[in-house]
Amino acid sequence: MAIAHFFKTLIPLGVLALACTLSARAVEVSGVKLDDTATVGGKSLVLNGAGMRQIFVIKAYAAALYVTDKKTSSADVQALTTPRRITLAIQREINSDEFGQLFITSMNKNSTKEEKAKVVNQTVKFGEMFASMDKVKKGDIITLDWVPGTGTVSGLNGKQIGEALPDIAFYNAVLRIWIGENPVQSDLKRALLGEK
């Protein structure tokens, strides 16, 4: 009887320990650990894919895309109205003006004239947000979240930066930097969409 009680207590504790271990897992991209889950707007998100942005042989940042349900196409990711997140784990110091300009240039390469016109005010505010920062440093974590009812919420090391930008078209323009027709790096696009 005591042994049966022991196992009845031990098994749930083992299951709980396993669940805690699994929930704390991380994925590693070129030596950078990224969480395999995220919470945005009170919703649990899963890692859709992750990869390293390299400029020639220099590691710029590890990027991770989180969604509610895994998607394998850019169109499917952009069609989501649920919370989403892009995480950038910075791997080298970069001037914030330069970093912001890289964002804007990549957004423009992946947007039509009409799409750019629709989000021009938010794009300006997004650029100003980066301009107001001194620089991003190795080890910084930038998050770009879509929060339904709020908009695009940007964060640096866990703290919100700038104001929320309300249009989902703007968030999708940001996403297209990495998963658009002209991504910053083709193999990074494939990695974010869960391809190897």
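The structure under discussion appears in the preceding block.
Each chain carries its own residue numbering, running from 1 in the written order of its sequence. Note on the predicted model: pLDDT of at least 70 is required for a residue's local features to be given, and 80 or more for side-chain atom pairs to be given and counted; whole-chain, interface and lining totals, by contrast, use all residues. Values shown for side chains rest on all heavy atoms present in the structure; no hydrogens or waters enter the calculation.

Visitor: Looking at this structure, I do not really get the pattern of salt bridges. What am I missing?
Guide: When the charged atoms of two side chains lie near each other, side chains of opposite charge can form a pair. Salt bridges are defined as contacts in which a side-chain nitrogen from Lys or Arg sits within 4 Å of a carboxyl oxygen from Asp or Glu. Following the criterion strictly, the structure yields five salt bridges and no others. For Asp 145, the salt bridge identified is with Arg 85, shortest N-O distance 2.6 Å. Separated by 60 residues along the polypeptide, Asp 145 in strand E9 (residues 141-147) and Arg 85 in strand E6 (residues 84-90) bring together distant segments of the chain. Accessibility assignment for this pair places Asp 145 and Arg 85 in one class, buried. The helix count covers DSSP runs of H or I at least four residues long, the strand count covers runs of E at least two residues long, and both are numbered beginning at the N terminus. Partly exposed describes any residue whose relative accessible area lies between the buried limit of under 20% and the exposed limit of over 50%, with all areas from a 1.4 Å probe on protein chains only and scaled to the type maximum.

Visitor: Is there a simple way to think about the side chain of Asp 140 in this case?
Guide: Here Asp 140 lies in the loop between strand E8 (135-136) and E9. For Asp 140, a relative accessible area of 6% gives the class buried. Under the rule applied, a polar contact is a pair of N or O atoms within 3.5 Å (in protein, one hydrogen donor and one hydrogen acceptor; residues adjacent in sequence only if both atoms are side-chain atoms). One polar contact links the side chain of Asp 140 to the main-chain amide nitrogen of Lys 137, over a distance of 2.8 Å. Contacts are assigned to residue pairs with any non-hydrogen atoms lying within 4.5 Å of each other. Beyond its immediate sequence surroundings of up to four residues, Asp 140 is in contact with Leu 88, Ala 89, Ile 90, Lys 135, Leu 156 and Asn 157.

Visitor: Looking at this structure, how should I read the packing of helix H3 (residues 96-109) against helix H5 (residues 120-131)?
Guide: For any two helices packed against each other, the geometry comes down to the angle between their axes and how far apart the axes lie. Convention adopted: a line fitted to C-alpha atoms gives each axis, helices being fitted over their contacting stretch, and angles between N-to-C directions are expressed from 0 to 180 degrees. At a minimum axis distance of 7 Å, the contact between H3 and H5 shows a crossing angle of 160°. It follows that H3 is roughly antiparallel to H5 by the angle criterion. Our pair here, H3 against H5, has a crossing hand that is right-handed. Contacts between H3 and H5 involve Ser 96, Asp 97, Phe 99, Gly 100, Phe 103, Ile 104 and Met 107 from the first element and Thr 123, Phe 126, Gly 127, Phe 130 and Ala 131 from the second. Gly is put with the polar residues, along with every residue not named as nonpolar or charged; the nonpolar set is Ala, Val, Leu, Ile, Met, Phe, Trp, Tyr, Cys and Pro, and the charged set is Asp, Glu, Lys and Arg. A breakdown of the residues in the contact of H3 with H5 according to their chemical character gives seven nonpolar, four polar and one charged. To sort the angles, those under 35 degrees are grouped as roughly parallel, those over 145 as roughly antiparallel, those from 65 to 115 as roughly perpendicular, and the leftovers as oblique. Each crossing gets its handedness from the near helix: less than a right angle anticlockwise from the far helix is left-handed, clockwise is right-handed.

Visitor: Would you mind going over the packing of aromatic side chains with me for this structure?
Guide: To describe a pair of aromatic rings, one takes the distance between the centres and the angle between the planes. Stacked, tilted and edge-to-face pairs are distinguished by plane angle, under 30 degrees for stacked and over 60 for edge-to-face with tilted covering the rest, among Phe, Tyr and Trp rings (Trp via its six-membered ring) whose centres lie within 6.5 Å. By the definition in use, this model includes eight aromatic pairs. Consider the rings of Phe 99 and Phe 103, whose centres lie 5.0 Å apart with planes at 65°: the pair is edge-to-face. Pair noted here: Phe 99 and Phe 103 are both in helix H3, with a separation of four residues, about one helical turn. With a centroid separation of 5.2 Å and an interplanar angle of 90°, the aromatic rings of Phe 126 and Phe 130 are classed as edge-to-face. One end of the pair, Phe 126, and the other, Phe 130, are both in helix H5, four residues apart, so they sit about a helical turn from each other. Look at Phe 130 and you get buried, because its relative accessible area is 1%.

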